[in-house]
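Breakdown of the fold
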Amino acid sequence: QVQLVESGGGLAQPGGSLRLSCRASGSRVSRNDMAWYRQAPGRERELVAEITSGGSTNYAHSVKGRFTISRDTAMNTVYLKMNSLQPDDAAVYYCKLVRYMGPVEQPRAVRNDYWGQGTQVTVSS
């Protein structure tokens, strides 16, 4: 069973930094696509950053150049380093693992998405 546990959220001042962690069990972060999403009150959940199993990364325009997604295969953990935090970055941040399964001739026949419980990020002076 796949489980994701986020940590690292908290209170940061504008311009400050935080590093979120997402530790996975039941599947390898290096073999799956991983992503960070966030959801602020009254807003839709939105993609923040993603890293594919091949190591390619993609960022939302609003965080590009400030946030960095990375993974540690030994720790089976994905990180989101957030710099230059702004009040608009305040939200609950969720980690997602996308796992594909299938036969050799169709390795992506089945897709399953797994979510963590979320970690709160507050940006305030």
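Residues numbered from 1 in each chain as written. Predicted model: local features only at pLDDT ≥ 70, side-chain atom pairs only at ≥ 80, totals over all residues. Heavy atoms only, no water.

Tallied over the entire structure, the rule returns one disulfide. Across the disulfide, Cys-22 is cross-linked to Cys-95 (sulfur-sulfur distance 2.0 Å). Across the S-S bond linking Cys-22 and Cys-95, the dihedral sits near -80 degrees, which makes this disulfide left-handed. With Cys-22 in strand β3 (residues 18-25) and Cys-95 in strand β9 (residues 91-101), this pair connects stretches of sequence that are 73 residues apart. Looking at Cys-95, the relative accessible area reads 0%, which means it is buried. (Disulfide = S-S within 2.5 Å. Helix = DSSP H or I, 4+ residues; strand = E, 2+ residues; numbered from the N terminus. Buried < 20%, exposed > 50% of the residue type's maximum accessible area, 1.4 Å probe, protein only.)

What follows concerns the pattern of salt bridges. For the coordinates displayed, the defined rule picks out five salt bridges. Between Lys-96 and Asp-113 there is a salt bridge, with its nearest N and O atoms 3.7 Å apart. Of this pair, Lys-96 sits in strand β9 while Asp-113 sits in strand β10 (residues 110-115); the two residues are 17 residues apart in sequence, bridging distant segments of the chain. We classify Lys-96 as buried; its relative accessible area is 7%. (Salt bridge = Lys/Arg side-chain N within 4 Å of Asp/Glu carboxyl O.)

Sequence spacing of Lys-96 and Asp-33 is 63 residues, and the spatial spacing of their C-alpha atoms is 8.3 Å. With residues near it in sequence (within four places) discarded, Lys-96 still touches Leu-4, Asp-33, Met-34, Ala-35, Tyr-37, Arg-111, Asp-113, Tyr-114 and Trp-115. At a separation of 3.1 Å, a polar atom in the side chain of Lys-96 contacts the side chain of Tyr-37. (Contact = heavy atoms within 4.5 Å. Polar contact = N/O pair within 3.5 Å; in protein donor to acceptor, adjacent residues only side chain to side chain.)

For His-61, the location among the structural elements is in the loop between β6 (57-59) and β7 (67-72). In sequence terms His-61 and Ala-49 are twelve residues apart; their C-alpha atoms lie 9.6 Å from each other.

Structurally, the position occupied by Asp-33 is in strand β4 (residues 33-39). The side chain of Asp-33 is buried and forms no salt bridge, while Arg-108, the nearest opposite charge, is found at 4.0 Å. Among the polar contacts made by the side chain of Asp-33, one reaches the main-chain amide nitrogen of Ser-53 at a distance of 2.9 Å. The contact partners of Asp-33, leaving out residues within four places of it in the chain, are Ile-51, Thr-52, Ser-53, Lys-96, Leu-97, Val-98, Tyr-100 and Arg-108. (Lys, Arg positive; Asp, Glu negative; His and termini not counted.)

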